[in-house]
Structures are given as structure tokens and as C-alpha cells.
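# Chains, contacts and geometry: an overview
Listed here are the chains, written in short residue letters.
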Amino acid sequence: TLALFAAGLGLLALAPDPLGLAAGLLLILAIVAYDLRHKNNPLSVLIMAACRLLVFVVVALALTGGVPPPVWLAGALQFAWVVLVSLTARHENRRSTPWPFPVIPAMLAAISLVDGLVMAGLVALPWLAAGVAGAALTWAGQRYVRGD
């Protein structure tokens, strides 16, 4: 984990704008806060969603020094999706029997699909194919690494 954090920060140090490095440090703090405090913490779903939002913010700041409205929109949609996934997972864990369909793995795979839909709407339609491919690969990969 430390090596990945260091690699990420190292790449951000090479980015055109130094604000990306500062935002990257904030993202790492959010990740560590979630890892240390997610059990029995009702706010942990917001921390997890903030981590997802911060990915968008870090990239925008690193590349442009600002966060344009479309990036905020994309990040906000992913924030909302991650909150929904997290709350759904909490609900499923409280059920006496699991749902007959693997809801959480499907919702995790759909994270890429949400990105693809947003990018197709804001940038160009071919991004939808990338979102569909990402969702399919995530769904297939969960046979080997469970996402629920």
C-alpha cells in the first residue's frame, strides 16, 4: 500500500500543476481514514464516496489546476453511486438471507458503466464502450476476487 501511495504521489509530482499533488495527499488521507474507521462508523459511506470523488478532483487539478463543472458533475454522480452501493451492502449484510441475485457485485461492476455514460454524454459516445468494457471486466474479475 505504501509503495502504491508513493508511486501515485511520484506521478502526481510530474503532473503539470502542483495542486494535483496536494489533492493526492488529501485523497491518501481519506483512504487511510476510511481504512482505520470504517467499521461501525455510520459516516464511513460518505468517506468512501469522498474517496471516489477525490479521484476526479485530483486528476483535474493535476492536469489543469482547476476543477471544471463537468468534472464536478461526474465526481458527484460517482459520489452518489458509491453511497448507494455502500448503503445497499449494509442493508444486505443485515438481511437474514442474501438476495438471489449478486446485487453488490453488479453495482460494483456498474461503477465503470456510470463513468462510461457520463463520459459519453460529456465528451464523446465511444467512451460508452470503455464503460461497458470496464463493467464486463469487473464483473468477470469478481469470480477471482470477490467484490461483495
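See the structure above.
Residues numbered from 1 in each chain as written. Predicted model: local features only at pLDDT ≥ 70, side-chain atom pairs only at ≥ 80, totals over all residues. Heavy atoms only, no water.

Within the chain, the regular secondary structure consists of six helices and zero strands. Starting at the N terminus, the α and β elements of the chain follow one another as α-α-α-α-α-α. For the chain, the spread of C-alpha atoms along the three principal axes comes to 50 × 40 × 30 Å. When burial is assessed residue by residue, the chain has 33% of its 148 residues classed as buried. In the chain, of all internal contacts separated by at least 6 residues, the share reaching a separation of at least 24 is 56%. Of the accessible surface of the chain, which amounts to about 9200 Å², a share of 74% is contributed by carbon and sulfur atoms. Averaged over its 8 positive side-chain charges, the chain has a centre that lies 11 Å from the centre of its 5 negative ones. (Helix = DSSP H or I, 4+ residues; strand = E, 2+ residues; numbered from the N terminus. Buried < 20%, exposed > 50% of the residue type's maximum accessible area, 1.4 Å probe, protein only. Contact = heavy atoms within 4.5 Å. Areas by Shrake-Rupley, 256 points an atom, 1.4 Å probe, with all protein chains shown as cover. Lys, Arg positive; Asp, Glu negative; His and termini not counted. Charge placed at Lys NZ, Arg CZ, Asp CG, Glu CD.)

This part is about the packing of aromatic side chains. Going through the model one piece at a time under the given rule, you end up with one aromatic pair. Taking the centre distance of 6.2 Å and the plane angle of 15 degrees together, the rings of Phe101 and Trp139 count as stacked. Taken together, the residues span a long stretch of sequence, with Phe101 in the loop between helix H4 (69-94) and helix H5 (103-122) and Trp139 in helix H6 (residues 127-141) at a distance of 38 residues. Assessed through its relative accessible area of 48%, Phe101 is described here as partly exposed. (Phe/Tyr/Trp six-rings, centres within 6.5 Å; stacked < 30°, edge-to-face > 60°.)

A surface patch of nonpolar side chains, about 460 Å² in accessible area, is lined by Leu73, Leu77, Leu122, Val123 and Trp127. As for its placement among the helices and strands, Leu73 is situated in helix H4. (Patch = residues over 30% accessible without salt bridge, like charges linked within 9 Å, V, L, I, M, F, W, Y side chains within 5 Å. Salt bridge = Lys/Arg side-chain N within 4 Å of Asp/Glu carboxyl O.)

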